[in-house]
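Summary of structural features
One-letter residues, chain by chain:
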Amino acid sequence: MNGQTTSGAIEGKKIRDFIALQPYEGVYSLEGLSPENLIQSYIFTEESTQNFKEIFAELGKPAGSDRRSVILSGDRGVGKTYSLAIVRELIRDPSLARLIQSPMLQVIVNRLAKKKCFVVEIHCFPHQEETLKELFYAAFNAAYLRKTGQELPPKENWLELEDSDQQLRSICDSLPPEHELVILLDDISEKLITYRNMTKIISDLEFLQSVAVATSRLPVFLITTFFENLLSPPDYNDRYRDLHQKIIDQQLLPAMLIKHITKKNLLELINRNIIVKNDAQKQQNLQIYQYLSRNVLFFKHD
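Below you will find a few notes about this structure. Every value quoted in this text rests on a predicted model; they were computed, and no experiment measured them.

Turning our attention to the overall build of the chain. The secondary structure content of the chain amounts to 14 helices and seven strands. Counting over 302 residues, the chain shows a buried share of 46%. In the chain, 78% of the contacts between residues at least 6 apart in sequence involve partners at least 24 apart.

This is the structure:
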């Protein structure tokens, strides 16, 4: 087949001659979804399944071991918040793992049935005035009230403790017997990006680092979503580079297990669930690929 034949076959064609799109009932809001629907609607790609395996394997380690808290990093819109919601539901009810297609992930999650986890969720937004410590204490107090029917001492008393380590120890002392604190933090980077107060930035990063370091010593475990550009800042954005340097200065990254949600995850989702190709369309695409491979210098396709 020569180039002229291939280009002639392409001439006058439209996109629909090469691919078709099928309706995709995506999840655009997590509000009101039952745990079962939330998990069944999630697309467990190869990448996300591997991320979950490592996250739950780390959480499954006992306090006092060499485990690490987790950063789940990715660009905006790749599914970090949804992935964190999946983690939440599987921690609360490991039996929901039966809805996942991966047998190995089912085994890892089911091991959590032996753990008693006290889950605290913190949702961050741009321009929040409260520090991370303040948000954490409010969220812990609310969860503690639901669990025990009792309120904790005023926030001011807790903040007056000597340092973050003492504050965390006092929280762990308040946990119900044999329970482990699991903090699900989404999305601290949005707060950091909009802060103009350097003292608050340092305070939030210092508290994150304290929780990360405490993970191997205390019954506390953190999973936080993070904007990828704060971990790998582009050269053109000074704001991201400055925040990245503050993260490095606080020695946050070495203390945590970092898992990435990449655009590869989105491409797999699209290819598996939205783009469909019949035999004729596959043949048309093959012709295009062969033509480009022969005629375009350095053409590469994964």
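This next bit is on helix H10 (residues 198–214). The end-to-end C-alpha distance of H10, which contains 17 residues, comes to 24 Å, matching closely the 24 Å that a straight helix rising 1.5 Å per residue would cover. For H10, every residue scored as buried is listed here: Lys200, Ile201, Asp204, Leu205, Phe207, Leu208, Gln209, Ser210, Val211, Ala212 and Ala214. Here H10 starts with a cap whose side-chain oxygen sits 2.9 Å from the backbone nitrogen of Thr199, and that cap is Asn197.

Judged by pairing direction, the sheet is parallel, and its five strands sit side by side in the order E3-E4-E5-E2-E6 without closing on themselves. Edge positions in the sheet fall to strand E3 (116–123) and strand E6 (256–261), since each has one partner strand and no second. Averaged over all adjacent pairs, the angle separating strand axes in this sheet is 15 degrees, with direction ignored. Alignment of strand E2 (residues 69–74) against strand E5 (residues 220–227), held across five bridges, turns out to be parallel. Of the residues in E5, the one forming a bridge with Ile71 is Thr224.

The next subject is the nonpolar core. Core analysis: the biggest nonpolar cluster contains 47 residues, and Ile122, Phe136, Phe140, Leu181, Leu192, Leu208 and Phe226 have the highest contact counts within it. Not counting residues up to four positions away in its chain, the partners in contact with Phe226 are Ile71, Leu72, Ser73, Gly74, Lys80, Asp187, Ile188, Ser189, Leu192, Leu208, Leu231 and Ile247. Residues Phe44, Ile108, Val119 and Phe221 belong to the second largest nonpolar core, which totals 33 residues.

According to the stated counting rule, one finds 13 aromatic pairs in the structure shown. On the numbers, 5.6 Å between centres and 50 degrees between planes, the contact of Phe136 with Phe207 is tilted. Remark: Phe207 occurs in helix H10 and Phe136 occurs in helix H6 (residues 132–148); sequence separation between them is 71 residues. Between Tyr137 and Trp158, the aromatic rings sit 4.8 Å apart at their centres with planes inclined by 25 degrees, giving stacked as the arrangement.

Next up on the list: H6. Turn by turn, an α-helix covers 3.6 residues, leaving residues three or four places apart pointing in a common direction. Look at H6: 24 Å from first C-alpha to last across 17 residues, which is about the 24 Å you get at 1.5 Å a residue. Every buried residue of H6 is accounted for by Leu132, Lys133, Leu135, Phe136, Tyr137, Ala139, Phe140, Asn141, Ala143 and Tyr144. The inward-facing, buried residues of H6 contact E3, helix H7 (155–159), helix H8 (164–174), strand E4 (179–186), helix H9 (188–194) and H10.

All right, on to the pattern of salt bridges then. Taken as a whole and judged by the stated rule, the model has 14 salt bridges. In this structure, Glu58 and Lys61 form a salt bridge, with 3.5 Å as the shortest nitrogen-oxygen distance. By relative accessible area, Glu58 is classed as buried at 8%. Asp165 is paired through a salt bridge with Arg217; the nearest N and O atoms lie 3.0 Å apart. Placement of the pair is Asp165 in helix H8 and Arg217 in the loop between H10 and E5, with a sequence separation of 52 residues.

A few words on empty space enclosed by the protein. This model, assessed by the stated rule, comprises two cavities of 30 Å³ or more. Quantified by volume, the largest cavity comes out at close to 40 Å³. As for the largest cavity, its lining consists of Ile122, Leu132, Phe136, Ile183, Leu185, Phe207, Leu208, Val211 and Leu222. Elements represented by at least two residues in the lining of the largest cavity include exactly H6, E4 and H10. At three residues, H10 tops the list of elements feeding residues into the lining of the largest cavity. Here the residues of the lining of the largest cavity are counted per class, giving nine nonpolar, no polar and no charged. Of the pockets and cavities examined, the second largest cavity occupies roughly 30 Å³. Ranked by residues supplied to the lining of the second largest cavity, first place goes to helix H3 (residues 46–59) with three residues. For the lining of the second largest cavity, the per-class residue count stands at four nonpolar, three polar and no charged.

About the thresholds
- Residues numbered from 1 in each chain as written.
- Predicted model: local features only at pLDDT ≥ 70, side-chain atom pairs only at ≥ 80, totals over all residues.
- Heavy atoms only, no water.
- Helix = DSSP H or I, 4+ residues; strand = E, 2+ residues; numbered from the N terminus.
- Buried < 20%, exposed > 50% of the residue type's maximum accessible area, 1.4 Å probe, protein only.
- Contact = heavy atoms within 4.5 Å.
- Expected span 1.5 Å × (residues − 1).
- Polar contact = N/O pair within 3.5 Å; in protein donor to acceptor, adjacent residues only side chain to side chain.
- Pairing = 2+ DSSP bridges.
- Axes fitted to C-alpha atoms, helices over the stretch in contact; angles between N-to-C directions.
- Core = buried A, V, L, I, M, F, W, Y, C linked by side-chain atoms within 4.5 Å.
- Phe/Tyr/Trp six-rings, centres within 6.5 Å; stacked < 30°, edge-to-face > 60°.
- Salt bridge = Lys/Arg side-chain N within 4 Å of Asp/Glu carboxyl O.
- 1 Å grid on protein atoms, 1.4 Å probe; cavity = no way out; pocket = protein on both sides within 12 Å on 5 of 7 lines; lining within 4 Å.
- Points joined across faces, edges and corners; volume = space filled by probe spheres on them.
- Nonpolar A, V, L, I, M, F, W, Y, C, P; charged D, E, K, R; others polar.

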